[in-house]
Amino acid sequence: MWNALTSLTARAIRVASIGRPGDVVERAREQQATHFVVMDEDGSLSGIVPMQAAALASPLRIFADLIPARPSPKVEATAELKAVARLLGDAPDASVVVENAEGVFLGIVTKDSLLPQLLAEQTSLTAKVAQMAEERAAEAKLLEVKVAERTAELATAMEEMEVFSYSLSHDLKAPLLRMISYAEMVMADHGEQLPNGARVQLERISVSGEHLVRLIRDIQAFVQVSKLPMVADRILTSSLIKDVLDFYRVYLEEKAVELQVDSIFPDVYGQYASLFQVVGNLLYNAAKFVPPNTRPQIALRAEAIGGKVRIKVEDSGIGVPADCLDRLFKPFTRLHGAEHYEGTGLGLAFARVAMKRMGGAVGYEPRPGGGSIFWIELPAAEESPVARCR
């Protein structure tokens, strides 16, 4: 277990509480500082001011005026990584003050300075899980009790790995969003003065950053749906279809989609939020995967099949190659190049896991005449009241 927090301190500049930000912001930027450490006249710590707050401050303000009302939490240099990560929370500019046992200020830790250690912990933890798995396989032949003990330890280690994986992917969002924001600011403020090549590179930074943000979001959704217990509730399917269409209305209008929707959708048992996302993913894909300069044609249909309800999303798009069917619902599967169709390759994998958790199924079949039919099945709700989807 690491305990050298002082080796992870962020770049920060000490300033007097009566100092003015305008006098030091430029020097701080040159030194790639992220925060200012505000000190009182007696040398004691007064507070922490993020670089962004100082850069945006009026020239008449002093650092004492910019100290947040809620002070940065303090920890000793021997504090554990998990405790510091929890204290940092979700705010991009959050910081934690590091002190020694006597309360002397040693530095500050931020999300950016903590990220390398999180990566190292993740690597170490992954290696530990792999090693424990090998030990379990070898010792299983010798002693059943030993196998049970190692299995319990492995389960604990895997749970810790999931926590760190979530924390890592969550903390990656903040620097990515800042990267996108800075690129857009440069384009907005200096775009006309930049050569064409520089503008193209900035646009690529924004596009790549946005893709990574979507990927992190989809990974988190995929992990969560595979872990959370599913409670089967009665779903008014027609209302859910209407909600999905309302949510994607602007996107469908931009794509000029020709849409046909059955008026009656029998009620089912399932989980509303997951079913909403599954239907939304299928509808989104149907409008996206079409040949260039082609108007998408989509139909939402429903049919009862032996105590189950099958909801079908039919489209006139590019279809699915026959040799790709075996990996269609696997994570990170992309059947078409990113230069033609953007995406993360997790939408159908999410649908497969979510439908399984709800006691249902998802499948694909080619559409006669070209295109695709993606369908999902769920248990029909008994004595289902019939509603109409407007």
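The following refers to the structure shown. (Residues numbered from 1 in each chain as written. Predicted model: local features only at pLDDT ≥ 70, side-chain atom pairs only at ≥ 80, totals over all residues. Heavy atoms only, no water.)

Concerning the packing of aromatic side chains
- Counted by the stated rule, this structure contains 7 aromatic pairs.
- With 5.0 Å between their ring centres and 75° between their planes, F247 and Y248 make a pair best called edge-to-face.
- Look at Y248 and you get buried, because its relative accessible area is 15%.
- An angle of 55° between the planes, with centres 6.3 Å apart, marks the rings of Y248 and Y284 as tilted. (Phe/Tyr/Trp six-rings, centres within 6.5 Å; stacked < 30°, edge-to-face > 60°. Buried < 20%, exposed > 50% of the residue type's maximum accessible area, 1.4 Å probe, protein only.)

A short note on the packing of helix α10 (residues 272–288) against helix α11 (residues 347–357)
- Running from amino to carboxyl end, α10 crosses α11 at an angle of 145°, the nearest separation of the two axes being 9 Å. The crossing of α10 and α11 is left-handed. Here S274, L275, Q277, V278, N281, L282 and N285 of α10 come into contact with α11, specifically with G347, L348, F350, A351, A354 and M355.
- When its residues are assigned to classes, the contact of α10 with α11 shows 8 nonpolar, 5 polar and no charged. (Axes fitted to C-alpha atoms, helices over the stretch in contact; angles between N-to-C directions. Helix = DSSP H or I, 4+ residues; strand = E, 2+ residues; numbered from the N terminus. Left-handed = near helix turned anticlockwise from the far one by under 90°. Contact = heavy atoms within 4.5 Å. Nonpolar A, V, L, I, M, F, W, Y, C, P; charged D, E, K, R; others polar.)

Quick look at the nonpolar core
- Judged by nonpolar contacts, the single largest core of 40 residues is most densely connected at L240, L252, L275, V278, M355, F374 and I376.
- With 8 residues, α10 is the largest single contributor of residues to this core.
- Among residues more than four places away in sequence, those in contact with F374 are L282, I311, K312, V313, V320, L328, F329, L348, G363 and Y364.
- With 13 residues, the next largest nonpolar core counts V15, A28, F63 and L66 among its residues. (Core = buried A, V, L, I, M, F, W, Y, C linked by side-chain atoms within 4.5 Å.)

Things to note about the pattern of salt bridges
- Tallied over the full model, the rule gives 11 salt bridges.
- Across the salt bridge formed by R249 and D246, the nearest N and O atoms sit 2.5 Å from each other. (Salt bridge = Lys/Arg side-chain N within 4 Å of Asp/Glu carboxyl O.)

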